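Each chain, written out:
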Amino acid sequence: MPENTPDREHDLVVLGATGFTGELTAAYLAEHAPAGLRWALAGRNAEKLEAVRTRLAAIDPALGELPLLHADSSDEASLRTLAESTRAVITTVGPYLAHGMPLVAACAAAGTDYLDLTGEPEFVDRAYLAHHEQAVATGARLVHACGFDSIPHDLGAWYAVQQLGDTDPITLRGVVRAAGTFSGGTFHSALGAMSNAGGMRSAMKERRAREPRPEGRRSRAVSGKPHRDRVLGRWLLPLPTIDPFVVARSGAALASYGPDFRYGHYAGLKTLRYTAGAVVGIGALAAAAQVGPLRQQLLKRVPQGEGPSESRREKSWFTVDMVGESAGRTVHARVSGGDPGYTETAKMLAESALCLLLDDNPTTAGQVTTAQAMAANLVPRLQAAGMRFEVL
C-alpha cells in the first residue's frame with residue numbers, strides 16, 4: 001500500500017460518475033468496495049451527482065451520505081483541489097486528449113494515483129512527455145487504459161509470458177473476439193485518433209527519443225499482415241489500437257518478458273470474406289474521419305454518456321487469445337469475460353483502483369502500465385470478480 005499520501009480526506013474519487021460508464025463504475029464500487037473505504041463522487045453538475053448518489057443508496061443505504069465534490073475538466077483549480085483531497089482518482093471523462101490532461105497534471109503534482117479508460121495513444125504519449133518525471137518525483141502512479149483498452153491484452157500477455165520463462169526470446173500474438181456494443185466514448189476517441197494521425201506519430205516519435213530503453217533487452221510491438229492462424233484456425237486482421245503499445249511497454253519494464261519480446265495484435269475472424277470486409281470497413285471509417293462534416297455526423301450517431309440496456313449487456317462477451325512461442329514451446333492462454341465495452345470495463349477500472357490502494361504491489365511511480373504496477377495482484381482480483389485467465 002502506498003504511503004506517499006496517508007493523510008488525505010478520501011481514498012478514492014470517481015470523476016465522471018454522471019456518465020454511463022462512470023456510474024457503472026460507481027455502482028460496482030457500491031457493491032464491492034471494502035468497508036471503510038473513503039470514496040466520493042466528483043463532477044461539474046451537482047444535481048446529476050445527487051441523482052447518481054440516490055441510485056447508489058438503493059444498493060447500500062449508507063451511500064446516501066457519499067461525499068459529492070465539484071470538479072470540472074476545464075477548471076484547473078478545481079482539479080488541483082480534487083487531486084490534493086484523495087489518494088487516487090478514477091476518471092471516465094473523455095475524449096482524454098480533449099479533456100484529460102489537466103487532471104493528469106494535478107495528480108502528478110499532488111502525488112495522487114491516477115487511473116483512466118483511455119484508448120488514445122497520443123494522449124498517453126503526451127501525458128508521459130509532460131508529466132512522467134514529476135510523477136516519479138512525487139510518487140504518483142499514472143495508470144492509463146484500465147478498461148477493455150488494455151487490461152485483457154496487457155494482463156493476458158503477462159499471464160502467458162509467465163508460462164514461458166524469461167531466458168529465451170518470446171514471440172506473442174494477441175487475438176481478440178467480441179460480441180457487444182462499445183461505448184460512445186471509445187468511438188469518439190477512436191475517430192479523434194484517426195483524424196489526427198500526424199499528431200499521434202509526432203507524439204510517439206518524441207516519446208521514443210526521450211524514453212529510456214531497457215538495458216540488454218528488447219521489447220517491441222510488431223506489425224503483421226492478414227493471415228490464417230494455424231493454432232486458432234481463424235483469420236487474423238491487425239488492429240491499430242493502443243493495446244500493442246501498452247503490452248510492449250510492459251515488456252520493456254519487466255524482465256520476465258525475456259531478452260527479446262515481440263508482440264502482434266489482431267482481431268480474429270471466421271472467414272476470409274469477413275476479414276476483407278473488415279479491412280474495407282476500417283478503411284472507410286478512417287477516410288471519413290479525415291472529413292470534418294462526415295466526422296461530426298458519425299459522432300452524432302454514437303453519443304457519449306449513453307449505453308445499452310442491462311439485458312443487452314448480459315448477452316455480450318469477449319475473448320482474448322494469447323499464443324506465445326519461445327525455445328520451441330507454444331503456449332495458448334485466454335482471457336475471457338462478459339460485456340467488454342461497459343460492464344467488464346467498469347469492473348476492471350474499479351478493481352484496478354482498489355488494487356493500487358489496498359494491495360502490496362511493486363514500488364513504482366510515474367506513468368506505468370497495469371502489468372508493471374500490479375499484475376500479480378490484479379489478475380487474481382479479476383478472476384475473483386468473474387473474469388477468466390486460463391491456459392488452454
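The preceding data block contains the structure.
The model shown is predicted, which means the values in this text are computed figures rather than measured ones.

Novice: Would you take a moment to explain the pattern of salt bridges for this structure?
Specialist: Side chains carrying opposite charge are able to pair once their charged atoms draw close together. Enumeration according to the criterion identifies 18 salt bridges in this entry. Among the salt bridges present, the one from Glu344 reaches Lys347, with a minimum N-O distance of 2.7 Å. One end of the pair, Glu344, and the other, Lys347, are both in helix 14 (residues 343–358), three residues apart, so they sit about a helical turn from each other. What makes Glu344 buried here is its relative accessible area of 3%. One network of salt bridges, with partners in common, ties together Asp125, Arg207, Glu211 and Arg249.

Novice: Where do I start with helix 9 (residues 197–210) in this structure?
Specialist: The periodicity of an α-helix, 3.6 residues per turn, causes residues three or four positions apart to be oriented the same way. The terminal C-alpha atoms of helix 9 lie 20 Å apart, and with 14 residues this matches the ideal 20 Å at 1.5 Å per residue to within 8%. For helix 9, the set of buried residues is Gly199, Ala203, Met204 and Arg207. Along the long axis of helix 9, the arc covered by the buried residues comes to 130 degrees, so they all point the same way. For helix 9, the exposed residues lying more than 90 degrees away from the buried face are Arg201, Lys205, Arg208 and Ala209. Where the residues of helix 9 are buried, they touch helix 6 (121–138), helix 10 (243–253) and strand 14 (366–367).

Novice: Sorry, what's going on with the packing of helix 14 against helix 15 (residues 370–384) here?
Specialist: Think of two packed helices as two axes; the pair is described by the angle between the axes and how far apart they sit. Across the interface, helix 14 lies against helix 15 with an axial gap of 10 Å and an inter-helix angle of 125 degrees. The angle between helix 14 and helix 15 places the two elements in the oblique class. As helix 14 packs across helix 15, the resulting crossing turns out to be right-handed. Residue-level contacts link Met348, Glu351, Ser352, Leu354, Cys355, Leu356 and Leu358 of helix 14 to Ala373, Met374, Asn377, Leu378, Arg381 and Leu382 of helix 15.

Novice: Just checking my understanding: could you explain the environment of Glu344 for this structure?
Specialist: Residues Glu344 and Phe148 lie 196 residues apart in sequence; the distance between their C-alpha atoms is 7.4 Å. Beyond its immediate stretch of four places on either side in the chain, Glu344 contacts Phe318, Gly337, Gly338, Asp339 and Met387.

Novice: Honestly, the environment of Asp166 in this entry has me stumped. Any pointers?
Specialist: Inspection of the secondary structure assignment puts Asp166 in the loop between helix 7 (151–162) and strand 7 (170–179). Taking relative accessible area as the criterion, Asp166 reaches 43% and is therefore assigned partly exposed. Expressed as a C-alpha distance, the spacing of Asp166 and Tyr257, which sit 91 residues apart in the sequence, is 5.7 Å. Apart from residues lying up to four places away in sequence, Asp166 is in contact with Ala255, Ser256, Gly258 and Pro259.

Novice: How should the environment of Met374 be read in this particular structure?
Specialist: Relative to the assigned elements, Met374 resides in helix 15. Spatially, the C-alpha atoms of Met374 and Ser352 are 8.2 Å apart, while their sequence positions differ by 22 residues. Excluding residues that lie within four positions of it along the chain, Met374 makes contacts with Val143, Ser352, Cys355, Leu356 and Asn361.

Novice: Quick question: what am I supposed to make of the packing of aromatic side chains here?
Specialist: Counting across every chain of the model gives five aromatic pairs. Seen from their ring centres, Phe20 and Tyr342 are 5.1 Å apart, and the 85 degrees between their planes marks the pair as edge-to-face. Note that Phe20 is positioned in helix 1 (residues 20–32) and Tyr342 in the loop between strand 13 (329–337) and helix 14, a separation of 322 residues in sequence. Residue Phe20 is classed as partly exposed on the basis of its relative accessible area of 22%. Above the ring of Tyr128, the side-chain terminus of Arg207 is found at 4.1 Å from the ring centroid.

Novice: Looking at this structure, how should I read the sheet that holds strand 1 (residues 10–15)?
Specialist: Whenever strands of a sheet pair, they do so through backbone hydrogen bonds, lying parallel or antiparallel. Across the sheet, seven strands lie side by side as 3-2-1-4-5-6-14; this open sheet has parallel pairing. Each edge of the sheet is formed by a strand with only one pairing partner; in this case those strands are strand 3 (68–70) and strand 14. Here strand 6 (residues 141–143) pairs with strand 14 via two bridges, running parallel. Its bridge partner being in strand 14, Leu142 is matched across the sheet by Gln367. Strands in contact with helix 1 are strand 1, strand 2 (39–43) and strand 4 (86–91); relative to strand 2, the strand with the most contacts, it is inclined by about 170 degrees. Each of strand 1, strand 4, strand 5 (113–116) and strand 6 touches helix 5 (residues 101–110); the most contacted strand, strand 5, lies at about 155 degrees to it.

Novice: Looking at this structure, how should I read the nonpolar core?
Specialist: Proteins that are soluble and globular tend to have nonpolar side chains buried together. The biggest cluster of nonpolar side chains holds 88 residues, and the ones touching the most others in it are Leu12, Trp39, Leu41, Leu56 and Leu155. Top element by residues in this core is helix 14. It accounts for eight residues. Excluding residues within four positions of it along the chain, Leu56 makes contact with Ala26, Ala27, Ala30, Trp39, Leu41, Leu63 and Leu66.

Novice: Help me understand helix 15, please; the structure alone is not making it clear to me.
Specialist: The first and last C-alpha atoms of helix 15 sit only 17 Å apart over 15 residues, clearly below the 21 Å expected at 1.5 Å per residue. At Ala376, helix 15 shows its largest kink, close to 60 degrees, and the proline Pro380 lies no more than four residues downstream. Of all the positions in helix 15, only Thr370, Ala371, Ala373, Met374, Ala375, Leu378, Val379 and Leu382 are classed as buried. On its buried face, helix 15 is in contact with strand 6, helix 7, helix 10, helix 14 and strand 15 (388–391). In the segment just after helix 15, Gly386 is the residue with positive phi, at about 115 degrees.

Novice: How should I be thinking about the pairing of strand 4 in this particular structure?
Specialist: Note on strand geometry: in a regular strand, side chains alternate between the two faces of the sheet. By the criterion of burial, strand 4 is predominantly enclosed, with six of the six residues buried. Two strands pair when backbone bridges link them, and strand 1 and strand 4 are joined in this way by five bridges, in the parallel orientation. Residue pairing for strand 4: Val13 is matched across the bridge by Val89.

Scoring rules and cut-offs
- Residues numbered from 1 in each chain as written.
- Predicted model: local features only at pLDDT ≥ 70, side-chain atom pairs only at ≥ 80, totals over all residues.
- Heavy atoms only, no water.
- Salt bridge = Lys/Arg side-chain N within 4 Å of Asp/Glu carboxyl O.
- Helix = DSSP H or I, 4+ residues; strand = E, 2+ residues; numbered from the N terminus.
- Buried < 20%, exposed > 50% of the residue type's maximum accessible area, 1.4 Å probe, protein only.
- Expected span 1.5 Å × (residues − 1).
- Arc of directions from axis to C-beta.
- Contact = heavy atoms within 4.5 Å.
- Axes fitted to C-alpha atoms, helices over the stretch in contact; angles between N-to-C directions.
- Parallel < 35°, antiparallel > 145°, perpendicular 65-115°, else oblique.
- Left-handed = near helix turned anticlockwise from the far one by under 90°.
- Phe/Tyr/Trp six-rings, centres within 6.5 Å; stacked < 30°, edge-to-face > 60°.
- Lys NZ or Arg CZ within 6 Å of the ring centre and 35° of its normal.
- Pairing = 2+ DSSP bridges.
- Core = buried A, V, L, I, M, F, W, Y, C linked by side-chain atoms within 4.5 Å.
- Bend = angle between axes of the 7 residues up to and from the residue.

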